[in-house]
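Remarks on the overall topology
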Amino acid sequence: MAEPLAERLRPRTLDDYIGQQHLVGEGAVLRKMIDAGRISSFILWGPPGVGKTTLAQIIANKLDTPFYTLSAVTSGVKDVRDVIERAQKGRFFNEASPILFIDEIHRFSKSQQDSLLGAVEKGIVTLIGATTENPSFEVIRPLLSRCQLYVLKSLERQDLEELLQRALTKDVVLREKNIELNETSALLRYSGGDARKLLNILELTVESAGNVEPIVITDEMVVNCLQQDPLAYDKDGEMHYDIISAFIKSIRGSDPDAALYWMARMIEGGEDPQFIARRMVISASEDIGLANPNALLLANAAFDTVMKIGWPEARIALAECCVYLATSPKSNSAYLGIDAALGLVRETGNQPVPLHLRNAPTKLMKDLGYHDGYKYPHDFQGHFTPQQYMPDALQNERLWHAQHSPAEEKLYERMVNYWGEKYEK
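Residues numbered from 1 in each chain as written. Predicted model: local features only at pLDDT ≥ 70, side-chain atom pairs only at ≥ 80, totals over all residues. Heavy atoms only, no water.

**Let's talk about the overall build of the protein chain**
Rules: A helix here means a DSSP run of H or I that spans at least four residues, while a strand means a run of E at least two residues long, and both kinds are numbered starting from the N terminus. Just to be clear, the radius of gyration here is over C-alpha atoms, and the globule rule we use is 2.2 Å times residues to the power 0.38. The rule is simple: take the accessible area with a 1.4 Å probe, protein chains only, and divide by the maximum for that residue type; under 20% is buried, over 50% is exposed, in between is partly exposed. Every residue pair with non-hydrogen atoms within 4.5 Å of one another is taken to be in contact. The Shrake-Rupley method, run with a 1.4 Å probe, gives the accessible areas here. Residue values count only the displayed protein chains as cover. Residues counted as positive are Lys and Arg, residues counted as negative are Asp and Glu, and His and the chain ends are not counted. Each charge is placed at NZ for Lys, CZ for Arg, CG for Asp and CD for Glu.
A count of helical and extended segments in the protein chain gives 21 helices and 7 strands. By the compact-globule yardstick of 22 Å for 425 residues, the protein chain is too spread out, its C-alpha radius of gyration being 31 Å. Along the longest, intermediate and shortest principal axes, the C-alpha atoms of the protein chain span 95 × 60 × 40 Å. Here the protein chain holds 425 residues, and the buried ones make up 42% of them. Pairs at least 24 apart in sequence give 71% of the contacts found in the protein chain among residues at least 6 apart. Total accessible area on the protein chain is roughly 23800 Å²; 51% of this is exposed by carbon and sulfur atoms. The average position of the 46 basic charges and that of the 58 acidic charges among the side chains of the protein chain differ by 6 Å.

What follows is the structure, given as structure tokens:
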């Protein structure tokens, strides 16, 4: 059986490697280490199909070093220990440490990762890990601290176009066929910056054409061949968190166009609409707050609407709320206020409640002064009278600081009228 196109075209040297010039270009950090003939342990973090495994193999070939590979999906602690033992027995004193490449290292359990620590510390192996997930969440801290972290990027359009041309002109199978690449938009869109996926799609498209001569590749041909959603969106993966982060930051930054775009990305990717609605309820409290208290009401109404009517109509309620939140004035004074209050509580402990604020349901409590001196605000003009509400040791502390939006200015002015100098500070 013939090798897949992606495997036939796998680069063997850095000169053939496409992309990641920030790491392997002239003068870049990995290039310098490779040229010097010595590398330290590191982890490659990036999306699928950007060359993590290929780069590890190129490094091993360049350094002429024993190269061991483990997949975190199929390997256990025993496999790790076996490889480390083989590496230790097969190494001579002055040789560089064998390279242990672990694909999808984020799938290793804590005990599996712990079993690597000693070998990495002692230099028995040089670890190269590859992961599509954020290592700070998935790799234990002791192991992460012993490795450099290098971030690989999705391949850019020019990288993918170069790869297509290389496939058509260099591959031993495709170069024998009469292939005309009329359009590339669908190929590039469906690949999502993933070189392996791009080559797989190209190979599938060519095979679907049969014995036709010439094979003319168009966007329509690619779409008809694949018949699938090209959006890359893993609800349990890194992109999930990146897109929701972009969505919330677009609302916070008052950009309704960007907020709608990122929400559309989530919807098309199959995100749970309740998750989107919940995030907007949080945003209404955290980022808009007292600048427009109606935002929280609308966000809750949007959440209720999603629960009641479902797709596809619920998208309209979500869009209405999204635009309203993005175009609302912003204030995080309540958010900062509660965090400041929590910080004060942790710092000062359980301060006693002033006696006049305590309930006095028994005679003993009344005799001890509970409730004595409390002023009932509704007995006074304007339903307000000054009195101490904070604990004695904290009575001069300020936690809520108004911000300058029209709605919040009214609240601030009321507090100044009530409390005078306390709120003028």
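**Topic: the packing of helix α5 (residues 77–89) against helix α6 (residues 110–122)**
Packed helix pairs are specified by the crossing angle of their axes together with the interaxial distance, meaning the distance between the axes. The condition that has to hold: Whenever a helix is involved, its axis is fitted only over the stretch in contact; in every case the axis is a line through C-alpha atoms, and angles between N-to-C directions fall within 0 to 180 degrees. Roughly parallel means an angle under 35 degrees; roughly antiparallel, over 145; roughly perpendicular, 65 to 115; everything else is oblique. Helix crossings fall into two classes, left-handed where the near helix is turned counterclockwise from the far one by less than a right angle and right-handed where it is turned clockwise. Gly falls in the polar group here, along with every residue not listed as nonpolar (Ala, Val, Leu, Ile, Met, Phe, Trp, Tyr, Cys, Pro) or charged (Asp, Glu, Lys, Arg).
Between α5 and α6, whose axes approach to 9 Å, the crossing angle comes to 15°. Classed by the angle they form, the pair α5 and α6 counts as roughly parallel. Crossing handedness for the pair α5 and α6: right-handed. Residues Val77, Val80, Arg81 and Ile84 of α5 form the contact with α6, whose own contacting residues are Ser111, Gln112, Ser115, Leu116 and Ala119. Taken together, the residues of the contact of α5 with α6 sort by class into 5 nonpolar, 3 polar and 1 charged.

**Notes on the sheet that holds strand β4 (residues 126–131)**
For clarity, the cut-off: When DSSP finds two or more bridges between a pair of strands, those strands are recorded as paired.
Across the sheet, which stays open at both edges, the 5 strands sit in the order β2-β3-β4-β1-β5 with parallel pairing between neighbours. Of all the strands in the sheet, just β2 (67–71) and β5 (148–151) have a single pairing partner and so form its edges. Direction aside, neighbouring strands of the sheet carry axes that sit 20° apart on average. Two strands pair when backbone bridges link them, and strand β1 (residues 42–45) and β4 are joined in this way by 4 bridges, in the parallel orientation. From the neighbouring strand, Trp45 faces β4, where its bridge partner is Thr131. On the sheet, α5 packs against β2 and β3 (99–103) and is oriented at approximately 175° with respect to β2.

**Thoughts on the environment of Val216**
Relative to the elements of secondary structure, Val216 occurs in strand β7 (residues 215–217). Separated by 32 residues in the primary sequence, Val216 and Ile248 place their C-alpha atoms 43 Å from one another. If we ignore the near neighbours within four places in the chain, the residues touching Val216 are Glu180, Asn182 and Met221.

**Some remarks on the nonpolar core**
Note the threshold: Throughout this description, the term nonpolar core refers to a set of buried Ala, Val, Leu, Ile, Met, Phe, Trp, Tyr and Cys residues connected via side-chain atoms within 4.5 Å.
Leu174, Leu202, Ile217 and Val222 are the most contacted members of the largest nonpolar core, which has 28 residues in total. At 6 residues, helix α11 (residues 195–208) tops the list of elements feeding residues into this core. In this structure Ile217 touches Ile179, Glu180, Leu181, Asn182, Glu183, Leu187, Leu202, Thr205, Val206 and Val222, once residues within four positions along its chain are discounted. If you look at the next biggest cluster of nonpolar residues, it comprises 26 residues, including Met266, Ala284, Ala314 and Cys321.

**Things to note about helix α4 (residues 52–63)**
Inclusion rule: For a helix, the expected span equals 1.5 Å multiplied by the residue count minus one.
For α4, built from 12 residues, the straight-helix expectation of 16 Å at 1.5 Å per residue is met to within 8% by its first-to-last C-alpha distance of 17 Å. Counting buried positions along α4 yields 9 of 12 residues, so the element is predominantly enclosed. Here α4 has its buried residues at Lys52, Thr53, Thr54, Leu55, Ala56, Ile58, Ile59, Ala60 and Leu63. Immediately downstream of α4, the backbone of Asp64 shows phi near 50°, a positive value.

**Focus on the pattern of salt bridges**
Here the idea is simple: oppositely charged side chains can pair when their charged atoms come close. Keep this limit in mind: Salt bridges are defined by distance alone: a side-chain nitrogen of Lys or Arg within 4 Å of a carboxyl oxygen of Asp or Glu.
Applying the stated criterion across every chain, the model contains 12 salt bridges. A salt bridge links Arg10 to Glu7, with the shortest nitrogen-to-oxygen separation between them at 3.1 Å. Overall, the relative accessible area of 17% leaves Arg10 in the buried class. Judged by its relative accessible area of 27%, Glu7 is partly exposed.

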